[in-house]
Structures are given as structure tokens and as C-alpha cells.
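Now for the letters of each chain:
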Amino acid sequence: MGSLVGISGSCVSCRVPSEVCYLPIRNGIWAFRDRSSSRKFQLVDLKLGSGSKFLRQQRIEGPNGRRIFAAIQTTDALKEPLAELKSGQFQEFHELPSGMKLEVIVQTAGRDSRKKTFPLLFVHGSSHAAWCWTYHWMPFFSARGYDCYAVSLLGQGASDVPQAAVAGSLDSHAKDIAHLIRSKFTAPPVIIAHSFGGLVMQWFLSNTGRNSTSEESDGICPRPAGVVLACSSPPSGNGPMVTRFMKRDLIASIKITLGFAAKMVGSSRSICRDCFFSADIPESELKEYQELVKRSSRLPILDVRALNKSLPVPPPPEGIPPVLVLHAENDYLVDAEGSQETAEWCGTRPVVVLNCAHDIMLDNEWHQAAHVVKSWLDEHAL
């Protein structure tokens, strides 16, 4: 059943039977068995450290009006953030038309800041989830007036896991984000996407405004206010880059293959550091991030073999919103040629963040990259 580790969520009203048998389970945890009609109770979700089921705390009126707390075992998987949320952050879930739910971590604009018109929506890459934005970039931008939202794609983080071999495709992930935007946002967001998430956003941009219907006047994907592609996979995918790596640095090519094909980014500290971080990242941070990388993906984010059939990403329609392409100087996974290809696809030039590695939102120079994005947002009045 799992161990009790804390309380999450907010109270909601619910009707449950009034005749209840309370059954002690273990370590002070109780379950109940109902017998009959109706009574209003309040539910508070309780986190479990393990297991596929979770408990709900049941607050009821006991003898002499005394409140009694019991725990209900349910069949739903517990949804909790992989990383401890920072001050002002909270977790939500967005239900897709399929019934699957996406994890969304939210941090609204700081009280002492002047609120911006356009919110920010953060999209992670492979072996990551919404947690990767919570450490630095969400606090940074919320303090500067932005409502911030970080989504975990299906099969990643605390989002639901499809009954499939992989989490989705470029098209399905883009449509999930489109549904989230239509349902959640009153103003078009600026989308900030990283690595493979950047490739998803290229597909999103390519399909913005196409196949419109009366119900979805913006087409498959609604037009965002702007897009930041940070260390993004290029429109041709990673294949051409892998070929370049093999010619340029065979050892690096082998490490990348082991890191992702053999999932050693989660088991080898040195490979995780090489792929995502600078050599001098503090060991304590590397250990913490690697553990989260290890737990982030319950399914591969994309089927790489099937992906190649969709590439290169078709060029975007005319009049796309402003796009910023960021390249990290010390990126181990996306080379300068790859970032240049992405920038040319968008009709812009890449901006290089010096002394920074692939995980541009977590690495030592994260603040430098965040300031580049902030300056770009100011320039375009976003």
C-alpha cells in the first residue's frame, strides 16, 4: 500500500455513505468500508511513497461532534511532483479528450512584480519532465511578472502513461499542448521548449493555423505569442548530428548512444554530466538532477525510428510569431550546426549562451540564459 509521506491537494466536497467501518491497517493508517446512504465529507489526498494505489484522508464527524480522520484506499495512481516544489509553486492536472491527464506545475506572477500580458508555458525534453523548470527559470520569470506553467508530456513526470510502447509522436504531443492552451489560457502563451520538446514545438509551429474548422478557428495548433527553442533538436532530427559526432568525436558519439539507448544517463554519473551539464557542476546538484532524470520517463518520449518518417519538419506557415533560438556553447547533444539549422528554419539566427551545457535551465550558467530570454521578451513586448 506504500508509506505515508505527507499531504497534498485541497479539500473538495464529496458524498460518501454514512455507515462506515474503520479498519486499522498499519502505522496508524486507517481504511473504511461503507455500508449505506449519504453524508457530506471532505477529502484530502495523501501522498504515498510507493505502490500503484493511494490513500485519501477522510474527515468525518465522529461521536460528540469530534472529527475523525480515516484513510481511503483507491484504485487511482497517486500523482505527485517528482521534485519538491518551490515556494509559490503548485501542481495541477489537465484532462485531455482521451481522458489522459497531463501534469502542470504552476507559479503565478510575484506579488511585488508588474504582471505581464502573456504567460509562459515551459515544455521539457527527453529524460526530463516539468520539474526541470521549477528550480530556476520559473522562480526567475514569476518574480519578473510572468505567470509560469510547466507541463509534463504523457508518460513523463506525473502525467498519465498511455497503453503503448512510446509516449506519443510529434503530432500527438503537439495536439496535447494545443488542447492545454485552448483550455487553460485566456491569452496566448510564450512557449519555451527544450531539446526534443523544441522539435515538438517546431511541429506545433508548422501546423499553426492549418486545417481550421469552425470550432477550432486557429487550426490544429493555436498561435502562440512567441516561441523560445532552447538547445532544440533541429528540424531534420538528431540523425545528421549523430553522423557528424561519429566523424568528429567517436567517444562522444558512443557516450550519447549509451546515455539514451541504454538509459545510462540515469545510472552513470559521468555520462549524465557529459550529456546534460558542465564539468564543474556541484556534485550534490548533479546527484539530485540525475535521480530525477532516472525517474522522469516511464515511456520513451518518442519512437525515434518512426520519428524519422516524419522528418524533416515541414516549414512553418508565413507570419509565425517571434522565435528565439538558443544554443549552449558547451552543448554535448546539439551541435552548432544543429542550432543553425533550427534558426534558419525559423528565419532567425541562434543566440549562443557562453559556458553553458545542454540543460540550459539547470546548468551553472542558467541565469545567463534566463536573462537572454528576458531581454528578448522585453524587446518583443511579450
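The coordinates are above.
Please read all numbers here as calculations on a predicted model, not as lab measurements.

**Student:** Any chance you could explain the overall build of the chain here in plain terms?
**Tutor:** Of regular secondary structure, the chain possesses ten helices and 14 strands. Within the chain, buried positions represent 50% of all 382 residues. Looking at the chain alone, contacts between residues at least 24 apart form 69% of all its contacts between residues at least 6 apart. Of the roughly 17900 Å² of accessible surface on the chain, a fraction of 50% belongs to carbon and sulfur atoms.

**Student:** When you look at the sheet that holds strand β12 (residues 226-230) in this model, what are you seeing that I'm missing?
**Tutor:** Note on sheets: strands pair through backbone hydrogen bonds, and any given pair is parallel or antiparallel. On the basis of which strands lie adjacent, the open sheet formed by eight strands has the order β7-β8-β10-β9-β11-β12-β13-β14 and mixed pairing. Whereas interior strands pair on both sides, the edge strands pair on one side only; in this sheet they are β7 (89-95) and β14 (350-353). Here the average twist between neighbouring strands, direction ignored, is 25°. Alignment of strand β11 (residues 190-194) against β12, held across five bridges, turns out to be parallel. Paired with Ile 191 across the strands is Val 227, a residue of β12. Those strands touched by helix α3 (residues 196-206) are β9 (120-123), β11, β12 and β13 (323-328), and its axis lies near 135° from that of β11.

**Student:** Quick question: what am I supposed to make of the nonpolar core here?
**Tutor:** The nonpolar side chains of a soluble globular protein tend to be buried, and buried together. In terms of nonpolar packing, the biggest core is built from 56 residues, with Phe 122, Trp 131, Trp 137, Phe 141 and Ile 360 touching the most fellow members. For this core, the leading source of residues is helix α10 (residues 366-379), giving six residues. If we skip the residues at most four places from it in the chain, Phe 141 touches Leu 120, Phe 122, Tyr 146, Cys 148, Ala 370, Val 373, Lys 374 and Leu 377.

**Student:** Please clarify how the packing of helix α4 (residues 239-248) against helix α5 (residues 250-261) should be interpreted in this entry.
**Tutor:** Relative orientation and spacing of two packed helices are given, respectively, by the angle between their axes and the distance between those axes. It is at 6 Å that the axes of α4 and α5 come closest, and there the two elements cross at 135°. With respect to each other, α4 and α5 are oriented oblique. Residues Val 242, Phe 245, Met 246 and Arg 248 of α4 form the contact with α5, whose own contacting residues are Leu 250, Ser 253 and Ile 256. Within the contact of α4 with α5, the residues separate by chemical class into five nonpolar, one polar and one charged.

**Student:** How should I be thinking about the environment of Val 123 in this particular structure?
**Tutor:** Along the polypeptide, Val 123 turns up in strand β9. Residue classification places Val 123 among the buried residues on the basis of a relative accessible area of 0%. In this structure, the C-alpha to C-alpha distance between Val 123 and Trp 133, residues ten residues apart in sequence, is 8.7 Å. Setting aside its immediate chain neighbours within four residues, Val 123 contacts Trp 133, Val 151, Leu 153, Ile 177, Ile 191, Ile 192, Ala 193, His 194 and Gly 197.

**Student:** Explain the packing of α5 against helix α6 (residues 269-276) to me, please; I cannot follow it from the model alone.
**Tutor:** Where α5 contacts α6, the axes come no closer than 10 Å and their chain directions differ by 110°. Between α5 and α6, the angle falls in the class roughly perpendicular. From α5, Lys 255, Ile 256, Leu 258, Gly 259 and Phe 260 reach across to α6, where they touch Ile 271, Asp 274, Cys 275 and Phe 276. Here the residues of the contact of α5 with α6 sort into six nonpolar, one polar and two charged.

**Student:** Help me out: how do you make sense of helix α7 (residues 283-296) in this one?
**Tutor:** One turn of the α-helix equals 3.6 residues, which is why residues spaced by three or four share an orientation. Under the 1.5 Å per step criterion, the end-to-end length of α7 is 20 Å for 14 residues, consistent within 8% with the ideal 20 Å. When α7 is considered as a whole, its buried residues turn out to be Leu 286, Tyr 289, Gln 290, Leu 292, Val 293 and Ser 296. The buried side chains of α7 occupy one side of the element, clustering within an arc of 165° when seen end-on. In α7, the exposed residues that point more than 90 degrees away from the buried face are Ser 284, Lys 287 and Lys 294.

**Student:** Honestly, the packing of aromatic side chains in this entry has me stumped. Any pointers?
**Tutor:** The relative placement of two aromatic rings is captured by the distance of their centres and the angle of their planes. Considering all chains together, one arrives at 14 aromatic pairs under this definition. Ring centres 5.2 Å apart and planes at 90° place the aromatic pair Tyr 135 and Tyr 289 in the edge-to-face group. Of this pair, Tyr 135 sits in the loop between β9 and α1 (137-142) while Tyr 289 sits in helix α7, and the two are 154 residues apart along the sequence. Between Tyr 149 and Phe 185, the aromatic rings sit 4.8 Å apart at their centres with planes inclined by 75°, giving edge-to-face as the arrangement. Of the two residues, Tyr 149 sits in strand β10 (residues 148-152) while Phe 185 sits in the loop between α2 (170-184) and β11, which places them 36 residues apart along the sequence. Pair check on accessibility: Tyr 149 and Phe 185 agree, each one buried. Members of the aromatic cluster, connected to one another through ring pairs, are Phe 122, Trp 133, Trp 137, Phe 140, Phe 141, Tyr 146 and Trp 366. The ring of Phe 140 is capped by Arg 144, whose NZ or CZ atom sits 3.7 Å from the centre of that ring.

Cut-off values and rules
- Residues numbered from 1 in each chain as written.
- Predicted model: local features only at pLDDT ≥ 70, side-chain atom pairs only at ≥ 80, totals over all residues.
- Heavy atoms only, no water.
- Helix = DSSP H or I, 4+ residues; strand = E, 2+ residues; numbered from the N terminus.
- Buried < 20%, exposed > 50% of the residue type's maximum accessible area, 1.4 Å probe, protein only.
- Contact = heavy atoms within 4.5 Å.
- Areas by Shrake-Rupley, 256 points an atom, 1.4 Å probe, with all protein chains shown as cover.
- Pairing = 2+ DSSP bridges.
- Axes fitted to C-alpha atoms, helices over the stretch in contact; angles between N-to-C directions.
- Core = buried A, V, L, I, M, F, W, Y, C linked by side-chain atoms within 4.5 Å.
- Parallel < 35°, antiparallel > 145°, perpendicular 65-115°, else oblique.
- Nonpolar A, V, L, I, M, F, W, Y, C, P; charged D, E, K, R; others polar.
- Expected span 1.5 Å × (residues − 1).
- Arc of directions from axis to C-beta.
- Phe/Tyr/Trp six-rings, centres within 6.5 Å; stacked < 30°, edge-to-face > 60°.
- Lys NZ or Arg CZ within 6 Å of the ring centre and 35° of its normal.

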